[in-house]
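Residues per chain, in single letters:
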Amino acid sequence: MREEARSRSRNRSGYHPGTVSRSKAGAEFRGKLHAETIIVGGGVIGCAIACELATRGHDVLLVERARIAGGTSCAAAGMLAADSEEFTHAVMAKLARQSRALLHEQKERIGALSGVEMGLQQQGFITPFRSYSEVSSYKNNRLSALSTEHIWWDRVAVQQEASWLNRDTYGAFYRPSESEVLPVNLTQAYVRSAQAMGARVMEGVQDVRLHTDVNGVQGIETSIGTMTSRNVIIATGLHGEELMRHVGLKSPVLPVKGEIAAVQFSPHHAGYRPDKTVYAEDIYIVPKANGEVWIGATSLPGRTDMNVSVQGIQKLLAAATNWVPGMKEAHFIRAWAGIRPSTPDGLPYVGACESVPGLFAAFGHYRNGILLSAITASLMADLIFGKTSEELGIQDLSPERLNIKEMLQ
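Residues numbered from 1 in each chain as written. Predicted model: local features only at pLDDT ≥ 70, side-chain atom pairs only at ≥ 80, totals over all residues. Heavy atoms only, no water.

Going by what an unreviewed UniProt entry lists, the chain is known as glycine oxidase and is assigned to Paenibacillus pabuli. If you open the UniProt record of the chain and go to Catalytic activity (unreviewed entry), you find "glycine + O2 + H2O = glyoxylate + H2O2 + NH4(+)". (UniProt positions renumbered as here; feature names shortened; annotations may be inferred.)

Engineer: Just to check I follow, could you spell out unusual backbone geometry for this structure?
Structural biologist: Generally, phi is negative for residues other than glycine and the peptide bonds are trans, each holding for most cases. Cis peptide bonds are those with omega within 30 degrees of zero, and the linkage from Gly296 to Ala297 qualifies with -15°. If you check the backbone angles, Ala69 has positive phi at about 60° while not being a glycine. For Ala69, the location among the structural elements is in the loop between strand 2 (60–64) and strand 3 (79–80). Classification of Ala69 as buried rests on a relative accessible area of 2%. Even without glycine at this site, Asp207 takes up a positive phi of about 55°. Among the structural elements, Asp207 can be located in the loop between strand 8 (200–203) and strand 9 (209–213). (Helix = DSSP H or I, 4+ residues; strand = E, 2+ residues; numbered from the N terminus. Buried < 20%, exposed > 50% of the residue type's maximum accessible area, 1.4 Å probe, protein only.)

Engineer: Help me understand the packing of helix 7 (residues 183–196) against helix 10 (residues 369–384), please; the structure alone is not making it clear to me.
Structural biologist: Helix-helix packing: each pair is described by the crossing angle between the helix axes and the interaxial distance. Axis separation between helix 7 and helix 10 bottoms out at 11 Å; the angle between their running directions is 20°. Overall, the two elements helix 7 and helix 10 adopt an arrangement that is roughly parallel. Note on packing geometry: the crossing formed by helix 7 with helix 10 is left-handed. Every residue of helix 10 that contacts helix 7 at Pro183, Leu186 and Tyr190 is listed here: Ile370, Ser373 and Ala374. Its residues placed into classes, the contact of helix 7 with helix 10 shows five nonpolar, one polar and no charged. (Axes fitted to C-alpha atoms, helices over the stretch in contact; angles between N-to-C directions. Parallel < 35°, antiparallel > 145°, perpendicular 65-115°, else oblique. Left-handed = near helix turned anticlockwise from the far one by under 90°. Contact = heavy atoms within 4.5 Å. Nonpolar A, V, L, I, M, F, W, Y, C, P; charged D, E, K, R; others polar.)

Engineer: Quick question: what am I supposed to make of the packing of aromatic side chains here?
Structural biologist: One pair of aromatic rings is described through two measures. These are the centre distance and the angle between the planes. Under the definition given, this model contains 10 aromatic pairs. A ring pair is formed by Phe125 and Tyr279, whose centres lie 6.0 Å apart and whose planes are at 20°; its orientation type is stacked. With Phe125 in strand 4 (residues 125–129) and Tyr279 in strand 13 (residues 277–279), this residue pair connects regions lying 154 residues apart in the sequence. Across the pair, exposure class does not vary: Phe125 and Tyr279 are buried alike. Ring geometry for Tyr138 against Phe173: centres 6.1 Å apart, planes inclined by 35°, an arrangement best described as tilted. Taken together, the positions of Tyr138 in helix 5 (residues 132–141) and Phe173 in strand 6 (residues 171–175) put the pair 35 residues apart, joining distant regions of the chain. Of the two residues, Tyr138 and Phe173, both sit in the buried class. (Phe/Tyr/Trp six-rings, centres within 6.5 Å; stacked < 30°, edge-to-face > 60°.)

Engineer: How should I be thinking about the pattern of salt bridges in this particular structure?
Structural biologist: Pairing between side chains becomes possible if they bear opposite charge and their charged atoms approach one another. Counted by the stated rule, this structure contains 17 salt bridges. Here Asp382 and Arg56 are joined by a salt bridge, their closest N and O atoms 2.8 Å apart. Here Asp382, found in helix 10, pairs with Arg56, found in the loop between helix 3 (44–55) and strand 2; they are 326 residues apart in sequence, far enough to count as distant. Judged by its relative accessible area of 21%, Arg56 is partly exposed. Residue Arg245 is joined to Glu241 by a salt bridge in which the shortest nitrogen-to-oxygen separation is 3.4 Å. Of this pair, Arg245 and Glu241 both sit in helix 8 (residues 240–245), four residues apart, roughly one helical turn. Exposure remark for Glu241: the relative accessible area of 23% places this residue in the partly exposed category. One salt-bridge network, in which partners are shared between bridges, spans Asp83, Arg97, Arg100 and Glu178. (Salt bridge = Lys/Arg side-chain N within 4 Å of Asp/Glu carboxyl O.)

Engineer: Teacher, can you tell me more about the pairing of strand 19 (residues 359–363) here?
Structural biologist: The side chains of a regular strand alternate, first on one face of the sheet and then on the other. Along strand 19, five of the five residues are buried, which leaves the element largely enclosed by surrounding structure. Where burial is concerned, the two faces of strand 19 agree: the one with Leu359, Ala361 and Phe363 and the one with Phe360 and Ala362 are both buried. With three bridges joining them, strand 11 (residues 225–234) and strand 19 adopt parallel strand pairing. Counterpart to Ile233 in the pairing with strand 19 is Phe360. Bridge count between strand 18 (residues 349–352) and strand 19: four bridges; the pairing is antiparallel. Within strand 19, the residue paired with Gly351 across the bridge is Ala361. Counting the residues between successive antiparallel strands, the hairpin from strand 18 to strand 19 contains six residues, one of them, Gly358, with a positive phi of roughly 90°. (Pairing = 2+ DSSP bridges.)

Structure (C-alpha cells):
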C-alpha cells in the first residue's frame, strides 16, 4: 500500500498544489474525486495529519467546510505548554512532551517546504506566585508530579530574570523548554507543506456525511458529490461528534468558549514588555514572534457564540496588569473569541474505529490542539500504515471508548 501511495503521489505532477475553491471544485471535480485517505477538517490537527501522510508518500485529500485555520486553530494562543499544563492522564503528559520535541525537530523542514514562518519560540514559561501559601497550594493541587524541567526562582531571582514582573512576586517556577507558536502560521505551514508533497486540499466543502457499507467506510458524500477513499480521518473538532453519529458512534464534544486579547508595546516602553510567557493560575501572557503580546483566556463552558464581551476582556487585562504592571502602557490591538472542543473525560478521540473499518478519529483536543498537533499527526500516520493503538500506547484515547463503557454498564 505504501509503495502504491508513493507512485500515485509521484504521478500527480500535473496537479496544481494550491487550495481548490468551492466554485472550482464544484465545476471541475464533481463526482470524480478519489484518494487513499480523506481527511475531514482543515484545522491544525487535520493539516498536520495531511502533512505527515503526504511526507510519507501517501495519497491524501483534505476537505474543509469553510476555510483552512478558520475555526478553533485561529483562536488559540499557540502555547506548547507540555510541562506547565496539568494533564490528568499519564499518556497525555507523555504525548505532550513528545509533540513539543517533534515540532522543534520539524521546524526547518516544514518552513522550507511551506515558505511560512511559524513563529516558533523557546523562551520558557514562568509560573509566578504571590506568597508561600500559593506555592504550597499549587504543589498540592497538581495531580501529576512537578516536571523535572523546572527551576525555582526566589524573589531576588525573579527580579533579576524578569524585572518586568510585579515586584511583590514571592517567587516563580521557570520552565525553560516551554515554547509557543503563531497558530494560524503553524496551520498554514502544515497545509502548504502537505500540498508541496502532493496532497490535495479543498475548502468550502459543505454537507459532509460518511459513506459506508457492510465493508466499512467507502468515502464521504458532500455538497459537490461523492469522494471515495479507503480511509477517512475525522479531524473536525466541534463537528466530529455529528459525523461519528452517522455511523452510530457516541463521541460527545463539549464546547468551551474562550476570549483572548492582543496588545503591543511601543519602542519607548519596550522595557515593560515580557520576554517570557507568564503561565499563572489566573492568566497567561504570551509574547509573540510578530511583536504582539497575547493575553488569555476566559473559559465559558457551553457557549458557542463568537462575541467578545467587555467583561471578559476587562478581566483579562486586569489580571495581566496585576502581574505585569507595565502592561498599562501597552496599546490595545484587538480581541477575539474561539470555541474549544473538549470531551467528557478530558481525553481527545485519537485512533481507529474498530467497528467501522477504515474510519479514524482525531478530534476533541480541547485547548491543546496546537501542542498535540505534531504527535497526533505521527500517530495517525502510523495507524494508517498498519500499527495498532496498543502498539502505540494510545488505546485509552480510542474514539469508541465511551460506546464500550456504555455497553459494559
